[in-house]
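Residue-level structural notes
Here is what each chain is made of, one letter per residue.
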Amino acid sequence: MAIGPAANRAPLPVTAAPTRGSKMAASAAMERLRCVLGLLVLLHSTDSFYVPGVAPINFHRNDPVEIKAVKLTSSRTQLPYEYYSLPFCQPSKITYKAENLGEVLRGDRIVNTPFQVSMNVEKKCEVLCNFPNKPVTLTVEQSKLIAERIREDYYVHLIADNLPVATRLEFYSNREEEEKKKEKDVQFEHGYRLGFMDGNKFYLHNHLSFILYYHREDVEESQEHTYRVVRFEVIPQSIKLEDLKADEKSMCTLPEATGSAPQEIDPTKENQLLFTYSVHWEESDIKWASRWDTYLTMSDVQIHWFSIINSVVVVFFLSGILSMIIIRTLRKDIANYNKEDDIEDTMEESGWKLVHGDVFRPPQYPMILSSLLGSGIQLFCMILIVIFVAMLGMLSPSSRGALMTTACFLFMFMGVFGGFFAGRLYRTLKGHRWKKGAFCTATLYPGVVFGICFVLNCFIWGKHSSGAVPFPTMVALLCMWFGISLPLVYLGYYFGFRKQPYDNPVRTNQIPRQIPEQRWYMNKFVGILMAGILPFGAMFIELFFIFSAIWENQFYYLFGFLFLVFIILVVSCSQISIVMVYFQLCAEDYRWWWRTFLVSGGSAFYVLIYAVFYFVNKLDIVEFIPSLLYFGYTALMVLSFWLLTGTIGFYAAYMFVRKIYAAVKID
């Protein structure tokens, strides 16, 4: 509702001619009043809070419900393709939806289709292309392409009112024989299969039976009923051209289910077929707010609870061991060290005080270490905020690409925190070239990520997949990197470098102490194996669901579980890092800076091993480029995970080391 000038014409008592300044002030005040009133009207008219972009759409009977295509996907090739890369029927004008960054990176190319669907209007059978007497003729090249996509097990993804299509799968569970007769278990498969193979023959699903469910909204008696789409199912069928009887009005008759033959696609010759569809509407009790539950309901939530309980027990067990052993041992050490008599005997018993003059000696390559830790802080802040916001339901799958878009922008903006922590640590480690350090922090990890993604993108371009990031998007990402992230890292680094360095409780000797020969179990690689197994054990079940979401086109929406697992991961990484650095200092090895960072990220090694296991046992990938994509993106995940866990462990160990050396008296 706008407030126009005419609404403000009430006569006012005029005592003097208004000056030019008073007119301008009155005009500005009036403009502000309009804005406030407009905002109040807007707030008043809003019935409830909806996440932007996913508010419900009300339909009246006969209103068009647009069916759009998203992409074609296959877990065997990991290469998405846009809908019209195959010779489907096209509308008179193809219109692509404007997409956000996340949708582009996911390979979504949302486009209109020629399906004519109206709210609560049934269609028995209708020919899709507008010439029923003239079937679609596929050339040899098109037939080969369709046959290849069927062999590669591609799925077609459509949406109606932003709701993805699903194929209903009914099966009997392992119940008692009597219960089997009563009910079937129902699960939904995302999208529908393009076709199927029987022997060496290829068959295309050329008839789609759409089943749409609507919820009738409560309205006043005088008003027309409104409907909301709450589920979108499809039953794909393959029906031979001769069995589809079509008339001049584009109507067709479906054959009996038992007597029809499927539509074969012979890749060695031209093929003729009809694309047809039917529409059936059903009323549903499901409300609009719960319509995604069908897609997000998981039958194995119990496994999640078991994994959470298992992780919590493991972490508490570790905490108990830490409390009993480390704290008691430390108290005993500190009490002994602080006794003035018999100092020489106690020094021989325990070794961590002996290295007090070297424990804060700056390591080799302090700039690279602080840069990696800065990137780790960036990742930590980004992941924490993304998981927390997603847990609150603000990054649901209905907001397509929102998760990835949010993650990209947050990583850019978290550069100020990464730069601050990196700059302060670099100064603590006696660094002087802060500008070079800031540039290293802003470009080292992002540069590796961009380089790997660019190489993989070249291979995806070669396959003409919609998963390839377009050149303008790549330029936009580079502009975000150098226009947002780089200046923010410099800003944070500048203030971090100017801030007082971390206060180390003991002075560093001028001459380094000689490190005694270490036992075999103090080896770095043995430390990585020992330190990584516990944090990985606390999270590997959740890792399975994350991998399924990424590589098998599943929805992942259990962010509440993920938030708990993330907290458990932080705690377990911190604790194991403290244990490892304590043992290292007791062995009189003061080179803990790099070692703690590497060893704390040991769980990333197990993630890599698990990724190889998942590839061999769960995925059916045989070609070179899909394998390259899998291991390329897995390498990025492992690198990011190592940075994250290494940073958590490093800061926990650093706080621990400062605490214990502050508690003893140093002569």
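Note that the structure is predicted; figures quoted are calculated from it, not measured.

With respect to the overall build of the chain
Summing up its helical and strand segments, the chain has 18 helices and 18 strands in all. Out of the 667 residues in the chain, the part that is buried amounts to 47%. Counting only contacts in the chain whose residues sit at least 6 apart along the sequence, the fraction spanning at least 24 positions is 81%. Taken as a whole, the chain presents about 35,300 Å² of accessible surface, with 60% of it coming from carbon and sulfur.

Describing the packing of aromatic side chains
For the structure shown, the criterion picks out 53 aromatic pairs. Measuring from centroid to centroid gives 6.4 Å for Phe 459 and Phe 624, while their planes differ by 75 degrees, and the two rings are edge-to-face. Here Phe 459 is found in helix H11 (residues 434–462), whereas its partner Phe 624 is found in helix H18 (residues 624–662), with 165 residues between them in sequence. With relative accessibility at 32%, the residue Phe 459 sits in the partly exposed group. For Phe 624, a relative accessible area of 56% gives the class exposed. For the ring pair Phe 547 and Tyr 610, a centre distance of 5.7 Å and an interplane angle of 85 degrees mean the geometry is edge-to-face.

Concerning the environment of Leu 392
Note that Leu 392 resides in the loop between helix H8 (366–391) and helix H9 (402–413). Relative accessible area serves as the criterion here: at 52%, Leu 392 is assigned to the exposed category. The spatial distance from the C-alpha of Leu 392 to the C-alpha of Gly 560 is 8.3 Å, given a sequence separation of 168 residues.

Observations concerning the pattern of salt bridges
According to the stated counting rule, one finds 13 salt bridges in the structure shown. Across the pair Glu 103 and Lys 97 runs a salt bridge, and its minimum N-O distance is 3.1 Å. A residue is classified by how much of its surface remains accessible, and Lys 97, at 36% relative accessible area, is partly exposed. In this structure, the salt-bridge partner of Asp 153 is Arg 193, at a minimum N-O distance of 2.6 Å. Of this pair, Asp 153 sits in the loop between helix H3 (140–151) and strand E5 (155–160) while Arg 193 is found in strand E9 (residues 192–193), placing the two residues 40 residues apart along the sequence. You can call Arg 193 partly exposed: its relative accessible area is 32%. In this structure, a network of salt bridges that share partners links the residues Lys 71, Arg 106 and Asp 108.

Structural notes on the confidence of the model for the chain
Across the chain, pLDDT averages 80, with 84% of residues at or above 70. In this model, residues 1–53 is a region of pLDDT below 50 whose contacts with residues beyond four sequence positions or in other chains number 15 contacts.

Some words on the state of the cysteines
Within this structure, the stated rule accounts for 2 disulfides. The side chain of Cys 89 participates in a disulfide bridge whose partner is Cys 129; the two sulfur atoms lie 1.8 Å from each other. Every disulfide takes its handedness from the sign of the S-S torsion; for Cys 89 and Cys 129 that torsion is -100 degrees, giving left-handed. Taken together, the residues Cys 89 in the loop between strand E1 (67–73) and helix H2 (101–106) and Cys 129 in the loop between strand E3 (123–127) and strand E4 (136–138) connect sequence positions 40 residues apart. A single burial state applies to Cys 89 and to Cys 129, both of which are buried. Shown here is the disulfide that connects Cys 125 with Cys 252, its sulfur atoms set 1.8 Å apart. An S-S torsion of about -85 degrees defines the bridge between Cys 125 and Cys 252 as left-handed. On the criterion of sequence distance, the pair formed by Cys 125 in strand E3 and Cys 252 in strand E15 (residues 252–253) is long-range, its members being 127 residues apart. Accessibility expressed as a relative area gives 9% for Cys 252, which makes it buried.

Notes on the sheet that holds strand E16 (residues 264–265)
Taken in spatial order, the 3 strands line up as E10-E11-E16 in an open sheet, and their pairing is antiparallel. Two strands in the sheet have a free side with no partner beyond their single neighbour: strand E10 (195–198) and E16.

Section: a nonpolar patch on the surface
Taken together, Phe 454, Val 455, Phe 459, Trp 461, Phe 471, Val 475 and Phe 624 make up a surface patch of nonpolar side chains, about 670 Å² in accessible area. For the nonpolar patch, the element with the most residues is H11, which contributes 4 residues. As for its placement among the helices and strands, Val 475 is situated in helix H12 (residues 471–498).

Some details on the side chain of Ser 577
Tracing the backbone through its elements, the reader meets Ser 577 in helix H15 (residues 559–586). At 2.6 Å, the side chain of Ser 577 and the backbone oxygen of Gly 649 are in polar contact. Filtering out sequence-adjacent residues up to four positions away, Ser 577 remains in contact with Thr 596, Ser 600, Gly 649, Phe 650 and Ala 653.

Calculation rules
Residues numbered from 1 in each chain as written. Predicted model: local features only at pLDDT ≥ 70, side-chain atom pairs only at ≥ 80, totals over all residues. Heavy atoms only, no water. Helix = DSSP H or I, 4+ residues; strand = E, 2+ residues; numbered from the N terminus. Buried < 20%, exposed > 50% of the residue type's maximum accessible area, 1.4 Å probe, protein only. Contact = heavy atoms within 4.5 Å. Areas by Shrake-Rupley, 256 points an atom, 1.4 Å probe, with all protein chains shown as cover. Phe/Tyr/Trp six-rings, centres within 6.5 Å; stacked < 30°, edge-to-face > 60°. Salt bridge = Lys/Arg side-chain N within 4 Å of Asp/Glu carboxyl O. pLDDT = per-residue confidence, 0-100. Disulfide = S-S within 2.5 Å. Pairing = 2+ DSSP bridges. Patch = residues over 30% accessible without salt bridge, like charges linked within 9 Å, V, L, I, M, F, W, Y side chains within 5 Å. Polar contact = N/O pair within 3.5 Å; in protein donor to acceptor, adjacent residues only side chain to side chain.

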